[in-house]
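Topology and contacts: notes
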Amino acid sequence: MKQKMVIRAQMTDTKERSKAMKIAVGVPGVISVGIEGKDKDQMVVIGEEVDVVGLTRLVRKKMCFAELVSVSVIEEKKEEKKVASTAEIVALPAPWTYPANWSHPANIQLSVSDYPAKYDDTCSIM
């Protein structure tokens with residue numbers, strides 16, 4: 001069951017907003033966090049089975065002021081997928097083939113005697 005929680009905290013600049021968002025994201029069960037409100041002082045937290053009171057206490061402890069504004073349940077919309085009753089038959093193009101007069105090149109095999117003789121197994125550094 002998803003919940004939407006709105007917590008009002010004293011956030012005057014971006015540093016305090018990011019601090020409050022980091023606190024909220026650290027709580028288990030939180031899915032997303034956003035900032036809303038006229039003065040951007042409300043933090044909207046969406047999550048599953050989140051301890052709302054514990055989150056508010058944690059924000060209050062770190063930010064000095066926090067107030068729980070609202071908690072509501074988000075109902076998930078169940079979309080029914082409609083299956084088309086008429087199936088379309090699509091003709092696929094024929095796979096590409098070689099022309100009749102073309103043949104694959106013959107396999108070339110190299111023997112050990114074809115290896116250049118200038119390479120030997122001794123090390124030239126030592």
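Residues numbered from 1 in each chain as written. Predicted model: local features only at pLDDT ≥ 70, side-chain atom pairs only at ≥ 80, totals over all residues. Heavy atoms only, no water.

1. Side note on the overall build of the chain
To keep things clear, this is the line we draw: For the purposes of this entry, the term helix denotes a DSSP run of H or I that reaches at least four residues, the term strand denotes a run of E that reaches at least two, and both are numbered from the N terminus. Burial here depends on accessible area, computed with a 1.4 Å probe over protein chains only, as a share of the maximum for the residue type. Under 20% is buried, over 50% is exposed, and the range in between is partly exposed. For this analysis, residues touch if any pair of their heavy atoms sits within 4.5 Å. In short, Shrake-Rupley with a 1.4 Å probe defines the accessible areas, and a residue's cover is counted only from the protein chains shown.
Secondary structure summary: the chain contains 2 helices and 4 strands in total. The linear arrangement of helices and strands in the chain, starting from the amino end, is β-α-β-β-α-β. Of all 126 residues assigned to the chain, the portion counted as buried reaches 21%. Taking the contacts inside the chain whose residues are at least 6 apart along the sequence as the reference set, 62% of them involve residues at least 24 apart. Of the accessible surface of the chain, which amounts to about 11200 Å², a share of 55% is contributed by carbon and sulfur atoms.

2. As for the sheet that holds strand β4 (residues 66-74)
By way of backbone hydrogen bonds, the strands of a sheet pair with one another, either parallel or antiparallel. To keep things clear, this is the line we draw: Pairs of strands are assigned from DSSP output, requiring at least two bridges between the strands. Think of each axis as a best-fit line through the C-alpha atoms, taken over the contacting stretch in the case of a helix, with angles from 0 to 180 degrees between the N-to-C directions.
Taken together, the 4 strands give an open sheet; going across it, the order is β2-β3-β1-β4, and neighbouring strands pair in antiparallel fashion. At either margin of the open sheet sits one strand with a lone partner, and together these are β2 (30-36) and β4. Between one strand and the next, the sheet's axes are offset by a mean angle of 20°, whatever the strand orientation. Summarising the sheet, strand β1 (residues 2-9) and β4 pair through 8 bridges and their orientation is antiparallel. Each residue of the ladder has a partner; that of methionine 5, found in β4, is valine 71.

3. Examining the nonpolar core
Rule in force here: Only buried Ala, Val, Leu, Ile, Met, Phe, Trp, Tyr and Cys residues count toward a nonpolar core, and they belong to the same one when joined by side-chain atoms within 4.5 Å.
Counting residues in hydrophobic clusters, the biggest one holds 18 residues, and the most contacted among them are Met43, Val45, Leu55 and Val59. Elements with a contribution of two residues or more to this core: β1, α1 (14-25), β2, β3 (42-48) and α2 (52-63). Broken down by element, this core gets its largest block of residues, 4 residues, from α2. Excluding residues within four positions of it along the chain, valine 59 makes contact with Ala9, Ile23, Met43, Cys64 and Ala66.

4. Some thoughts on the packing of α1 against α2
The cut-off we apply is this: By definition, any crossing whose near helix is turned counterclockwise from its far helix by less than a right angle is left-handed, and any crossing with a clockwise turn is right-handed.
Following both chains from N to C, one finds α1 and α2 inclined at 145°, their axes separated by 10 Å at the closest point. The two elements α1 and α2 cross, and the hand of that crossing is right-handed. In this structure, α1 uses Glu16, Lys19, Ala20, Ile23 and Ala24 to contact α2, whose residues at the interface are Leu55, Leu58, Val59, Lys62 and Met63.

5. Here's the deal with the environment of serine 70
Within the secondary structure, serine 70 sits in strand β4. Residues serine 70 and arginine 8, 62 residues apart in the sequence, show an inter-C-alpha distance of 9.5 Å. Aside from chain neighbours lying at most four places away, what touches serine 70 is Lys4, Met5 and Val6.

6. Digging into the environment of isoleucine 35
Position of isoleucine 35 among the secondary structure elements: in strand β2. The exposure class assigned to isoleucine 35 is partly exposed, which follows from its relative accessible area of 25%. In the structure, isoleucine 35 is positioned 15 residues away from alanine 20 in sequence and 9.7 Å away in space, judged by C-alpha atoms. Look past the residues within four positions of isoleucine 35 in its chain and what remains in contact with it is Met11, Arg17, Met21, Lys40, Gln42 and Met43.

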